[in-house]
Number of protein chains: 2
Amino acid sequence: MNQTYDNEIFFSQYARMPRSREGLKAAGEWHQLKPLFPALEGKCVLDLGCGYGWHCRFCEEHGAARILGIDSSRRMIEEARRRGGGNGVSYRVCGVEEYEFPEKAWDLVVSNLVLHYIQDLDSVFERVWNTLREGGIFLFNVEHPVFTAGVGQDWIYAEDGEPKFWPVDDYFVPGKRSTLFLGCQVEKYHHTLTQILGGLLRQGFILEAVEEAQPPEEMRQIPGMEQEMRRPMMLLVRARKGSRAE
Amino acid sequence: MNQTYDNEIFFSQYARMPRSREGLKAAGEWHQLKPLFPALEGKCVLDLGCGYGWHCRFCEEHGAARILGIDSSRRMIEEARRRGGGNGVSYRVCGVEEYEFPEKAWDLVVSNLVLHYIQDLDSVFERVWNTLREGGIFLFNVEHPVFTAGVGQDWIYAEDGEPKFWPVDDYFVPGKRSTLFLGCQVEKYHHTLTQILGGLLRQGFILEAVEEAQPPEEMRQIPGMEQEMRRPMMLLVRARKGSRAE
């Protein structure tokens, strides 16, 4: 993914997205993701695929002691550094699959809209489990299986150009999907809900929240946002590392 | 629903379905549902919407001490009684919403393909919680939100009559859906995944399994069954009543 996110056209398009310009408050899922954060005071937080670092800075503002944001894109990490953060936050150019995941090092692992770029989710779940301290939280937002399974990840349009419905096909054929995102061909991986939640459960995680992102009432007037009520685009999951003996 | 299931045309059509004629082994989800049953020896089991009583008899064969199957359809209950079962099994004409749910009476509550007829899932979750003993299991199979959200709960067909893709729309508009099933207009209720899993979690249930039904390899040759790989139709959930203090 680093090649795409480092691509100049993609990067400049990405910079124009409301969530890039205005941050968390412009993200339709934030009103649901924010309350899923555990108490952050004094905690150590790892952000897998931190992008501009919005979530890292949120954790810092809420008292986290140490925050590491990793991202495979050099440009994203440069942008995150430019936007600052205190001494508690550090950023590193590093892909999720390349990170060393030190044992029992973090209280919270957060990942926003990155796991759908990962082919082998089970391997990430295992490594996140190992890098979390007992009772630690894995909080992520991933593209919804209904969204990733799709046909070209786009609506079927009526003749007048209006979205008619969202097509689902090949749902039980997980794996690579090529799609156009911000003018670039992007490769993602479709995972079924069974794979996502079953993978966490098999690893030993306790599921604490499973939510599909819906734009809040006040954002539904934004052009295009009304379509977000028609099919789920994002899946928010909060999982806890409990004792395995439980 | 009792009116539909008691309708003569519907009932005779239902009798012709492979799962009615041949029972559990002809149900595409059984290979996934079966392993989710807890140990049954000596246990008390309630089946919400038991139909012909296949699951009740399965529980009896596996050592359950007492089994009650309820169904709102008088014809279904007559059929279940006709098919027998030992002294441990009893059947009653009673809708899920009318059942009294005695406190801490059951070790397992099972429900197969019935909850999508229920408008107020949260109320059922609360009553199931109360009727389960500590550590008891709620195991159900419900129509998948991708299936119930659909447009007329049918494929979009190509000109040659082949299913082209499965349409999703109004996903975040839960509630009544009218659909044609076995030649009858049937009313169902669409619930989002958020409502199903979030409702269980809010009630205090521990999610132990969340699986989408996929037909097993050996059934994929059955005409029509190959479509079942293209969109999820059923959602299997196993939830445990743990201690609330946990």
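Refer to the structure above for everything that follows.
What counts and how
Residues numbered from 1 in each chain as written. Chains lettered and ligands numbered in written order. Predicted model: local features only at pLDDT ≥ 70, side-chain atom pairs only at ≥ 80, totals over all residues. Heavy atoms only, no water. Axes fitted to C-alpha atoms, helices over the stretch in contact; angles between N-to-C directions. Helix = DSSP H or I, 4+ residues; strand = E, 2+ residues; numbered from the N terminus. Left-handed = near helix turned anticlockwise from the far one by under 90°. Contact = heavy atoms within 4.5 Å. Nonpolar A, V, L, I, M, F, W, Y, C, P; charged D, E, K, R; others polar. Core = buried A, V, L, I, M, F, W, Y, C linked by side-chain atoms within 4.5 Å. Buried < 20%, exposed > 50% of the residue type's maximum accessible area, 1.4 Å probe, protein only. Pairing = 2+ DSSP bridges. Polar contact = N/O pair within 3.5 Å; in protein donor to acceptor, adjacent residues only side chain to side chain. Buried area = accessible area lost by both parts, 1.4 Å probe. Salt bridge = Lys/Arg side-chain N within 4 Å of Asp/Glu carboxyl O. Phe/Tyr/Trp six-rings, centres within 6.5 Å; stacked < 30°, edge-to-face > 60°. Least-squares fit on C-alpha atoms with pLDDT ≥ 70 in both.

### Some details on the packing of helix H7 (residues 121-131) of chain A against helix H9 (residues 193-203) of chain A
Residues and elements named next belong to chain A.
And step 1. At a closest axis distance of 10 Å, the pairing of H7 and H9 adopts a crossing angle of 40 degrees. Regarding H7 and H9, the two cross each other, and that crossing is right-handed. From H7, Leu 121, Asp 122, Phe 125, Glu 126 and Trp 129 reach across to H9, where they touch Gln 195, Ile 196, Gly 199, Leu 200, Arg 202 and Gln 203.
And step 2. When its residues are assigned to classes, the contact of H7 with H9 shows 5 nonpolar, 3 polar and 3 charged.

### Topic: the nonpolar core
And step 1. Counting 88 residues, the largest nonpolar core has Phe138(A), Leu197(A), Leu200(A), Phe138(B) and Leu197(B) as the members making the most contacts within it.
And step 2. In this structure, Leu197(B) is in contact with Leu197(A), Val210(A), Leu207(B), Val210(B) and Val237(B), ignoring residues within four places of it in sequence.

### Re the sheet that holds strand S4 (residues 106-112) of chain B
And step 1. Taken in spatial order, the 7 strands line up as S3-S2-S1-S4-S5-S11-S10 (chain B) in an open sheet, and their pairing is mixed. A strand with exactly one partner marks an edge of an open sheet, and here the two such strands are strand S3 (89-93) and strand S10 (205-212) of chain B. Strand-to-strand twist across the sheet, computed as the mean angle between neighbouring axes with direction ignored, equals 15 degrees.
And step 2. As paired elements, S4(B) and strand S5 (residues 132-143) of chain B share 6 bridges and run parallel to each other. Bridge assignment links Leu108(B) to a residue of S5(B), and that residue is Ile137(B).
And step 3. Across the sheet, H9(A) lies against S10 and strand S11 (234-241) of chain B, angled at about 140 degrees from S10(B), the strand it touches most.
And step 4. Its contacts with the sheet put helix H6 (residues 74-82) of chain B on strand S2 (66-71) and S3 of chain B, and the angle it makes with S3(B) is roughly 160 degrees.

### Observations regarding the environment of His62(B)
All names here are of chain B.
And step 1. In this fold, His 62 is placed in the loop between helix H5 (54-61) and S2.
And step 2. Under the relative-accessibility criterion, His 62 is labelled partly exposed at 39%.
And step 3. A C-alpha to C-alpha distance of 9.7 Å links His 62 and Lys 43, two positions 19 residues apart in sequence.
And step 4. The contacts of His 62, once residues within four sequence positions are left out, are Leu 40 and Glu 41.
And step 5. Here Phe 58 takes part through its backbone oxygen, which lies 2.9 Å from a polar atom of the side chain of His 62.

### Some details on H5(B)
Structurally, the α-helix is built with 3.6 residues per turn, so residues lying three or four positions apart point the same way.
All names here are of chain B.
And step 1. For H5, the complete set of buried residues consists of His 55, Cys 56, Arg 57, Phe 58 and Cys 59.
And step 2. Contact partners of the buried residues in H5: helix H4 (30-33), strand S1 (44-48), S2, H6, S3 and S4.
And step 3. Looking one or two places after H5, you find Gly 63, whose phi comes out positive at around 95 degrees.

### Digging into the interface of chain A and chain B
And step 1. Between chain A and chain B, the residue contacts involve 32 residues of the former and 32 residues of the latter.
And step 2. Buried surface at the junction of chain A and chain B, summed over both partners, amounts to about 2,700 Å²; 63% is from carbon and sulfur atoms.
And step 3. There are 2 salt bridges connecting chain A and chain B.
And step 4. Linking chain A with chain B are 16 residue pairs in polar contact (both at pLDDT 80 or more), by the criterion used here.
And step 5. Those elements that place two or more of their residues in the side of chain A that touches chain B are strand S7 (163-168), H9 and strand S10 (205-212) of chain A.
And step 6. Broken down by element, the residue count for the side of chain A that touches chain B peaks at 6 residues, all from S10(A).
And step 7. Looking at the side of chain A that touches chain B, its residues break down into 19 nonpolar, 3 polar and 10 charged.

### Overview of the packing of aromatic side chains
All names here are of chain A.
And step 1. In this structure the tally under the stated criterion is 31 aromatic pairs over all chains.
And step 2. Geometrically, the ring pair formed by Phe 147 and Trp 166 is stacked, given 5.2 Å between the ring centres and 10 degrees between the ring planes. In this pair, Phe 147 sits in helix H8 (residues 145-149) while Trp 166 sits in strand S7, placing the two residues 19 residues apart along the sequence.
And step 3. On the accessibility criterion, Phe 147 (7% relative accessible area) is buried.

### Here's the deal with the relation of the copies chain A and chain B
And step 1. Of the transformation superimposing chain A on chain B, the axial component is 0.0 Å and the angular component is 180 degrees, with the fit at an RMSD of 0.0 Å. Expressed as a symmetry operation, the mapping of one chain copy onto the other fits a two-fold axis. Closest to the rotation axis within chain A is the C-alpha of Pro167(A), separated from it by 2.4 Å.
And step 2. Interface residue correspondence from chain A to chain B reaches 100%, placing this contact among same-surface, isologous pairings.

### Digging into the side chain of Ser20(A)
And step 1. With respect to the helices and strands, Ser20(A) occurs in helix H3 (residues 18-21).
And step 2. Apart from the residues within four sequence positions on either side, Ser20(A) is in contact with Tyr14(A), Ala15(A), Tyr52(A), Trp54(A) and Arg83(A).

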